[in-house]
Amino acid sequence: MLIIIWKGRNIVKKKFHLQDVILIALIAIAFGAIFVGTDWIYNVLYLVIGPFANEALFGLWIMAGPLTMYLVRVPGSAIIGETLGAAAEVLFGGTFGAAALISGIVQGFGSELGFTFLRYRNWGWASLLTSSITTTVVAFGYELFRLGYVKYSVPMIIALFTVRLISDIVFGAVLVKMIFSLVERSSVLHFNVSK
């Protein structure tokens, strides 16, 4: 059992400890499997709603970053968690192949940026919402060109961005906060971090 000793809700650690590395690896493996498991959902949704399928599911695909940051609370955790989740997806044979790894790095950077803006001091809704917004902006900017969205009309681009933002907030903020609350109440991890 992992035990992390946490003496305050607003603490940020300066370095990774062994239990952090183990926790990040577990999150990455779990989300890599989830990412691969959603490939068929994406394929079915794409047949029904076209490019909106990517946007509707996008929040699920960015959860590893904010969840890792929220549980580990070491600067850089969101990038590492999201990138390793994408690497696990590639190793598990995900549909998107090595491109998922590049996307994972971009998404992790976007997530990390939100926590950085609040200087890693806010562990409430503000940090998760900011992270969701920055992830949406950074990843959508990257994918404007990668996915060819730049060829769409402005109203279509705005619609795609809006669906992604909603998805990122639902999965990357609301669901991450719910998971954290469940983990905190379960006492599986005792959040108590020494500096």
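Reading the values: rules and limits
- Residues numbered from 1 in each chain as written.
- Predicted model: local features only at pLDDT ≥ 70, side-chain atom pairs only at ≥ 80, totals over all residues.
- Heavy atoms only, no water.
- Helix = DSSP H or I, 4+ residues; strand = E, 2+ residues; numbered from the N terminus.
- Buried < 20%, exposed > 50% of the residue type's maximum accessible area, 1.4 Å probe, protein only.
- Contact = heavy atoms within 4.5 Å.
- Core = buried A, V, L, I, M, F, W, Y, C linked by side-chain atoms within 4.5 Å.
- Salt bridge = Lys/Arg side-chain N within 4 Å of Asp/Glu carboxyl O.
- Axes fitted to C-alpha atoms, helices over the stretch in contact; angles between N-to-C directions.
- Left-handed = near helix turned anticlockwise from the far one by under 90°.
- Nonpolar A, V, L, I, M, F, W, Y, C, P; charged D, E, K, R; others polar.
- Polar contact = N/O pair within 3.5 Å; in protein donor to acceptor, adjacent residues only side chain to side chain.
- Expected span 1.5 Å × (residues − 1).

### Remarks on the overall build of the chain
- Of regular secondary structure, the chain possesses 8 helices and 0 strands.
- The secondary structure elements of the chain, listed N-terminal to C-terminal, are α-α-α-α-α-α-α-α.
- For the chain, the residues scored as buried account for 47% of the 195 residues in total.
- Long-range pairs, those at least 24 residues apart, make up 73% of the contacts in the chain between residues at least 6 apart in sequence.

### Details of the nonpolar core
- By size, the foremost hydrophobic cluster in this structure holds 31 residues, and its most contacted members are Phe-31, Trp-61, Tyr-70, Leu-71 and Phe-115.
- Elements with a contribution of two residues or more to this core: α1 (18-37), α3 (52-61), α4 (64-72), α6 (99-117), α7 (125-146) and α8 (154-186).
- Looking at this core, the element that brings in the most residues is α4, giving 6 residues.
- Those residues in contact with Phe-31 that lie beyond four places of it in its chain are Met-63, Ala-64 and Leu-67.

### Points about the pattern of salt bridges
- Evaluated as defined, the whole model comprises 3 salt bridges.
- Arg-164 serves as the salt-bridge partner of Glu-55, at 2.4 Å between the closest nitrogen and oxygen. Residue Glu-55 is located in helix α3, and its partner Arg-164 is located in helix α8; the two are separated by 109 residues in the primary sequence. An identical accessibility class is assigned to Glu-55 and Arg-164; each is buried.
- Here Glu-143 makes a salt bridge to Arg-164, at a shortest N to O gap of 2.4 Å. Linking Glu-143 in helix α7 with Arg-164 in helix α8, this pair joins segments that are 21 residues apart in sequence.
- For Glu-143, a relative accessible area of 2% gives the class buried.
- One network of salt bridges, with partners in common, ties together Glu-55, Glu-143, Arg-146 and Arg-164.

### Comments concerning the packing of α7 against α8
- Contact pair α7 / α8: the axes reach a minimum separation of 9 Å and the direction vectors enclose 145°. α7 and α8 meet at a crossing whose hand is right-handed. Facing α7, whose interface residues are Trp-125, Leu-128, Leu-129, Ser-132, Ile-133, Thr-135, Thr-136, Val-137, Ala-139, Phe-140, Glu-143 and Leu-144, α8 presents Ile-157, Leu-160, Phe-161, Arg-164, Leu-165, Asp-168, Ile-169, Gly-172, Ala-173, Val-174, Val-176 and Lys-177.
- Along the lines of polarity and charge, the residues of the contact of α7 with α8 split into 16 nonpolar, 4 polar and 4 charged.

### Concerning the environment of Tyr-149
- Among the secondary structure elements, Tyr-149 is positioned in the loop between α7 and α8.
- For Tyr-149, a relative accessible area of 3% gives the class buried.
- Beyond its immediate sequence surroundings of up to four residues, Tyr-149 is in contact with Pro-51, Asn-54, Glu-55, Phe-140, Glu-143, Leu-144, Ile-157, Leu-160 and Arg-164.
- At a separation of 2.5 Å, a polar atom in the side chain of Tyr-149 contacts the side chain of Glu-55.

### Description of α7
- Between its first and last C-alpha atoms α7 spans 31 Å; for 22 residues at 1.5 Å apiece the expected length is 32 Å, and the two agree.
- Within α7, burial applies to Ser-127, Leu-128, Ser-131, Ser-132, Thr-134, Thr-135, Thr-136, Ala-139, Phe-140, Glu-143 and Leu-144.
- For α7, the elements touching its buried residues are α3, α4, α6 and α8.
- Looking at the residues trailing α7, positive phi occurs at Gly-148, about 80°.

Worth remembering: the numbers are spatial, not functional.
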